[in-house]
Amino acid sequence: MNKLQANICLICVTLCWSTEVIIFSCIPGNVLPFATTFICNAIAAIILGSCFYKRIKNELTRSGKKIILRCLLLGVLNCGYNTLYLYGIKHFDVSTGAFTFSMTVVVLPVVLITMKKTVGAKTWISVALVLTGIITALGGNITKISPVGLLLMLLGCIIRAVFIVKLNDFAGEFDSISLSAFISVFVAAISFVIWLVLQPETFAVIPWSGTIIASLFIHAYFIIAFAQTLNIFAQKRATATGATIIYSLEIVFSLIWGTVLPENLIERAVLTPFNIIGALLIVSGSVIEIIDINGKRRGIYDVKKN
């Protein structure tokens, strides 16, 4: 797989992630996010573990506790930025919160520089276009952003940026399926502890129905077991910043779903000139990352360790 193919895989991953809002709309709002995170990651871990038991066992034998420690770190970072995001989003409407969280694309290059890695000029062009697109799409809402919410989102973006960098590093070190399975195990474990503290009744308070069960299984399979594993596989050839730029397309996909899908599936999005121009700028920034203008089978830029 070359970098272009890896970036195409990342687009598929982002497309899967953009459907989360549709899936979660089928789950009552009184179900804590930590509950859904635990259940979905636990199911994903079981699916990966049962289907690839021998492969995971061989990787564990080869890597020993090294892969366990790496996945524990990724699990903590994953839960950290998701928790900050969940509390930060309460200070925004859905659209503004989604665009604000995408500021990870701006934070990540700074994180890379602090880690003594260099970022190419074309990457900064892509980042500038995506940032301009986010600000444009926010339009007049940018003056209404809550300082507390912005701080929580910024902290979440920083932690998410570190998560993406570390995941990119570890993707080339371990088997993709094993890495995905162990990440799911630790995310599930951490989420369950938090859920148990906040809601000791746990499973008893969930209003179980066929729709909720189906939604949880669909999310566990497509969003976690499939998309997460494909993401790790693609990051063996992609760069951390490139992946983040492509992730910003999730906003564009979400706008499309909000425009074309019926109201009983998703809250309809009202397109404005600001949204359209912002989405086009984000797509432009991603295209610069995905397409090699020189026609060579390589990435547009390279992130090199000093």
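Each chain carries its own residue numbering, running from 1 in the written order of its sequence. Note on the predicted model: pLDDT of at least 70 is required for a residue's local features to be given, and 80 or more for side-chain atom pairs to be given and counted; whole-chain, interface and lining totals, by contrast, use all residues. To get the side-chain values, take all heavy atoms of the structure and skip hydrogens and water.

Caption draft 1: Layout of the overall build of the protein chain. Of regular secondary structure, the protein chain possesses 14 helices and two strands. Each residue is assigned to one of three classes by its accessible area relative to the maximum for its type, calculated with a 1.4 Å probe on protein chains only: buried under 20%, partly exposed between the two thresholds, exposed over 50%. Sorting the 306 residues of the protein chain into buried and exposed places 49% on the buried side. When checking whether two residues touch, look at their non-hydrogen atoms; a contact exists if any pair is within 4.5 Å. In the protein chain, the proportion of contacts linking residues at least 24 apart, taken out of those at least 6 apart, comes to 86%. Areas reported here follow the Shrake-Rupley algorithm with a probe of radius 1.4 Å; residue values treat only the protein chains shown as occluding. Surface summary for the protein chain: the accessible area is close to 14500 Å², and the carbon and sulfur share equals 70%. Each helix is a run of H or I in the DSSP string that is no shorter than four residues. Each strand is a run of E no shorter than two, and both are numbered from the N terminus.

Caption draft 2: Looking closely at the packing of aromatic side chains. Classification of ring pairs rests on two measures: the distance between centres of Phe, Tyr or Trp rings, Trp counted by its six-membered ring, which must be within 6.5 Å, and the angle between planes, read as stacked under 30 degrees, edge-to-face over 60 and tilted in between. Going through the model one piece at a time under the given rule, you end up with nine aromatic pairs. Ring geometry for Phe38 and Trp195: centres 5.9 Å apart, planes at 40°, overall tilted. Placement of Phe38 in helix α3 (residues 33–51) and of Trp195 in helix α10 (residues 176–198) is noted, with a sequence separation of 157 residues between them. The class of Trp195 is buried, set by a relative accessible area of 0%.

Caption draft 3: A look at helix α12 (residues 240–247). Within α12, eight of the eight residues are buried, which leaves the element mostly enclosed by the surrounding structure. Among all positions of α12, only Ala240, Thr241, Gly242, Ala243, Thr244, Ile245, Ile246 and Tyr247 are buried.

Caption draft 4: Examining the side chain of Ser184 more closely. Positionally, Ser184 belongs in helix α10. Discounting chain neighbours no more than four positions away, the residues touching Ser184 are Asn41, Ala44, Ala45, Ile224 and Gln228.

Caption draft 5: Structural view of the pattern of salt bridges. When a carboxyl oxygen of Asp or Glu is within 4 Å of a side-chain nitrogen of Lys or Arg, the pair counts as a salt bridge. All told, the structure shown has five salt bridges when counted by the stated rule. A salt bridge links Glu59 to Arg62; the nearest nitrogen and oxygen atoms lie 2.6 Å apart. Of the two residues, Glu59 and Arg62 both sit in helix α4 (residues 53–63), three residues apart, roughly one turn of that helix. Given a relative accessible area of 7%, Glu59 falls into the buried group.

Caption draft 6: Here's a closer look at the environment of Gly258. Mapping Gly258 onto the fold places it in helix α13 (residues 249–260). Taking the relative accessible area as the measure of exposure, Gly258 reaches 1% and is therefore buried. C-alpha separation for the pair Gly258 and Ile22, spaced 236 residues apart in sequence, amounts to 9.3 Å.

Caption draft 7: Inspection of the confidence of the model for the protein chain at higher detail. With 88% of its residues at a pLDDT of 70 or more, the protein chain shows a mean pLDDT of 83. You can read pLDDT as the predictor saying how much it trusts each residue, on a scale of 0 to 100. The secondary-structure element of the protein chain with the lowest mean pLDDT is strand β2 (residues 304–305), recorded at 41, while α10 shows the highest, at 95. The low-confidence segment residues 295–306 (pLDDT under 50) makes 35 contacts with residues lying over four places distant or belonging to another chain.

Caption draft 8: Examining unusual backbone geometry more closely. Positive phi outside glycine occurs at Thr202, with the angle close to 40°. Here Thr202 shows up in the loop between α10 and α11 (210–234).

Caption draft 9: Examining the nonpolar core more closely. Among the buried residues, those of types Ala, Val, Leu, Ile, Met, Phe, Trp, Tyr and Cys that are joined through side-chain atoms within 4.5 Å form a nonpolar core. Judged by nonpolar contacts, the single largest core of 78 residues is most densely connected at Leu179 and Ile183. Broken down by element, the residue count for this core peaks at ten residues, all from α11. With residues up to four places along the chain from it excluded, the contact list for Ile183 reads Cys71, Leu74, Leu167, Gln228 and Ile232.

Caption draft 10: Quick look at the packing of α4 against α10. Running from N to C, α4 and α10 point in directions that differ by 90°, and their axes come no closer than 9 Å. What the angle tells us is that α4 and α10 run roughly perpendicular. Every residue of α10 that contacts α4 at Arg55, Ile56, Glu59 and Leu60 is listed here: Ile177, Ser178, Ala181 and Phe182. For the contact of α4 with α10, the class distribution of residues is five nonpolar, one polar and two charged. A fitted line through C-alpha atoms serves as each axis, taken over the contacting stretch for helices, and the angle formed by two N-to-C directions is quoted from 0 to 180°. Should an angle fall under 35 degrees it is taken as roughly parallel, and over 145 as roughly antiparallel, whereas 65 to 115 is taken as roughly perpendicular and any remaining angle as oblique. As a working rule, the residues Ala, Val, Leu, Ile, Met, Phe, Trp, Tyr, Cys and Pro are called nonpolar, Asp, Glu, Lys and Arg charged, and the rest polar, with Gly in that last group.

Caption draft 11: Broad picture of the packing of helix α7 (residues 104–114) against α12. Interaxial distance between α7 and α12 falls to 9 Å at its minimum, and their mutual angle equals 175°. Accordingly, the angle class assigned to the pair α7 and α12 is roughly antiparallel. On α12, the residues touching Thr104, Val105, Leu108, Pro109 and Leu112 of α7 are Ala240, Thr241, Thr244 and Ile245. Across the contact of α7 with α12, the residue classes break down as six nonpolar, three polar and no charged.

Caption draft 12: Local environment of the side chain of Asn78. By the element assignment, Asn78 lies in helix α5 (residues 65–88). Leaving out residues up to four positions away in the same chain, Asn78 has contacts with Phe163 and Val187.

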